[in-house]
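# Summary of structural features
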Amino acid sequence: MQPHDPPRPQQSHARSSPAALRNRGVIAEVLARVLPAQGRVLEIASGTGEHAVYLAAAFPGVSWQPTDVDPEALASIAARIESEGPPNLLRPLRLDVMEWPWPVGEAEAIVCINMIHIAPWAACEALMAGAGRVLAPGRPLYLYGAVKLGGEHTAPSNAAFDEGLRARDPAWGVRDEADVRAAAAAHGLCLTELVAMPANNFSLVFRKS
């Protein structure tokens, strides 16, 4: 590269998640009937940015706002946006669900994929509290990940996954759908869909009442 050449995208900062590549298509199928046609979609815990790039391209009518609390994740998201982001994908923002006010005060929808089991339970409660403030009546909060039903794991692999999470951090773990639903209801969010997904995961769709 010559001194006057323009800088190239920082690909070294872009991380990848095999799970994101596997599940993004089926997530988009559910979101196709959940998301509004226009407006801002706030994605919480965007991670590598792979979901953000794919889903923003799949729904060009919305403005997709990725966020994360981890500096390395934010760098990965920014690198992916620079190299492959569609025009409706906004620059990432730092957002910690535990810190209010959030940097986004209003959104037509919130998407949160694979977060609540790799965070303390207080983070799930904070997510619901923030969503209750940010969303207008009728607007959706979409969650994706493993959950227990009736206090029981839905597959042996999920039980092993839960055990592994708790070994890494005792505050982490697969949550029970009933507990998540109760936390949401405390902030005016009602569960309207519980959709079984591949690999023993679920989509949970809440709407602000």
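Residues numbered from 1 in each chain as written. Predicted model: local features only at pLDDT ≥ 70, side-chain atom pairs only at ≥ 80, totals over all residues. Heavy atoms only, no water.

## Quick look at the layout of surface pockets
The volume enclosed by the largest pocket comes to roughly 930 Å³. Taken together, 41 residues line the largest pocket, and the ones lying closest to its centre are Ile113, Asn114, Met115, His117 and Ile118. Of all the elements in the fold, those that place two or more residues in the lining of the largest pocket are helix H1 (18-31), helix H2 (50-58) and helix H5 (156-168). Each residue belonging to the lining of the largest pocket can be placed in one class, and the counts come to 21 nonpolar, 13 polar and seven charged. (1 Å grid on protein atoms, 1.4 Å probe; cavity = no way out; pocket = protein on both sides within 12 Å on 5 of 7 lines; lining within 4 Å. Points joined across faces, edges and corners; volume = space filled by probe spheres on them. Helix = DSSP H or I, 4+ residues; strand = E, 2+ residues; numbered from the N terminus. Nonpolar A, V, L, I, M, F, W, Y, C, P; charged D, E, K, R; others polar.)

## So, unusual backbone geometry
Peptide bonds are mostly trans, and most non-glycine residues show a negative phi. The step from Trp100 to Pro101 runs through a cis peptide bond, and the omega angle for that step is 5 degrees. Residues other than glycine seldom take positive phi values, yet Ala199 does so here, at roughly 60 degrees. Summarising the element assignment, Ala199 is placed in the loop between strand S8 (189-197) and strand S9 (201-208). By relative accessible area, which is 61% here, Ala199 ends up exposed. (Buried < 20%, exposed > 50% of the residue type's maximum accessible area, 1.4 Å probe, protein only.)

## Observations regarding the pattern of salt bridges
Taken as a whole and judged by the stated rule, the model has six salt bridges. Between Asp162 and Arg166 there is a salt bridge, with its nearest N and O atoms 3.0 Å apart. You can see Asp162 and its partner Arg166 sitting in helix H5, four residues apart, about one turn around the helix. Each of the salt bridges in this network shares a partner with another, and the network as a whole consists of Glu50, Arg80 and Glu84. (Salt bridge = Lys/Arg side-chain N within 4 Å of Asp/Glu carboxyl O.)

## Here's the deal with helix H3 (residues 71-84)
Across its 14 residues, H3 extends 20 Å between first and last C-alpha, which sits within 8% of the 20 Å expected from 1.5 Å per residue. Considered for burial, the residues of H3 that qualify are Ala73, Leu74, Ser76, Ile77, Ala78, Ala79, Arg80 and Ile81. Each element contacted by the buried residues of H3 is listed here: H2, strand S2 (62-68) and strand S3 (93-94). (Expected span 1.5 Å × (residues − 1). Contact = heavy atoms within 4.5 Å.)

## Details of the packing of aromatic side chains
Per the counting criterion, the structure on display carries one aromatic pair. Over the aromatic face of Trp100 sits the side chain of Arg133, whose NZ or CZ is 4.5 Å from the ring centroid. (Phe/Tyr/Trp six-rings, centres within 6.5 Å; stacked < 30°, edge-to-face > 60°. Lys NZ or Arg CZ within 6 Å of the ring centre and 35° of its normal.)

## Things to note about the nonpolar core
Membership of the largest hydrophobic core comes to 30 residues, with the highest contact counts inside it found for Ile44, Met128 and Leu143. When residues in this core are grouped by element, the largest group, seven residues, is from helix H4 (residues 121-134). By size, the runner-up hydrophobic cluster in this structure holds 25 residues, among which are Ile27, Leu55, Trp64 and Val195. (Core = buried A, V, L, I, M, F, W, Y, C linked by side-chain atoms within 4.5 Å.)

## Examining the environment of Arg94
Structurally, Arg94 can be placed in strand S3. Taking C-alpha positions, Arg94 is 9.7 Å from Ala73, a pair spaced 21 residues apart along the chain. Setting aside chain neighbours within four positions, we find Arg94 in contact with Asp68, Val69, Leu74, Glu99 and Pro103.

## Observations regarding the side chain of Lys148
With respect to the helices, strands and loops of the structure, Lys148 is situated in strand S6 (residues 147-148). Buried and without a salt bridge, Lys148 has Asp162 as its closest oppositely charged side chain, separated by 4.9 Å. Filtering out sequence-adjacent residues up to four positions away, Lys148 remains in contact with His153, Val174, Arg175, Asp176 and Glu177. (Lys, Arg positive; Asp, Glu negative; His and termini not counted.)

## Digging into the state of the cysteines
Counting across every chain of the model gives zero disulfides. Unpaired in terms of disulfides, Cys112 finds its nearest cysteine sulfur in Cys124, a separation of 8.5 Å. Of all cysteine sulfurs, the one in Cys124 lies closest to Cys190, which takes part in no disulfide; the gap is 15 Å. Judged by relative accessible area, which is 40%, Cys190 ranks as partly exposed. (Disulfide = S-S within 2.5 Å.)

## A short note on the sheet that holds S3
On the basis of which strands lie adjacent, the open sheet formed by seven strands has the order S3-S2-S1-S4-S5-S9-S8 and mixed pairing. At either margin of the open sheet sits one strand with a lone partner, and together these are S3 and S8. Of the pairings in the sheet, the one linking strand S1 (residues 39-44) to S2 comprises five bridges and is parallel in character. Considered in S2, the bridge of Arg40 is made with Ser63. The strands touched by H2 within the sheet are S1, S2 and strand S4 (109-113), with S2 carrying the most contacts at an inclination of about 175 degrees. (Pairing = 2+ DSSP bridges. Axes fitted to C-alpha atoms, helices over the stretch in contact; angles between N-to-C directions.)

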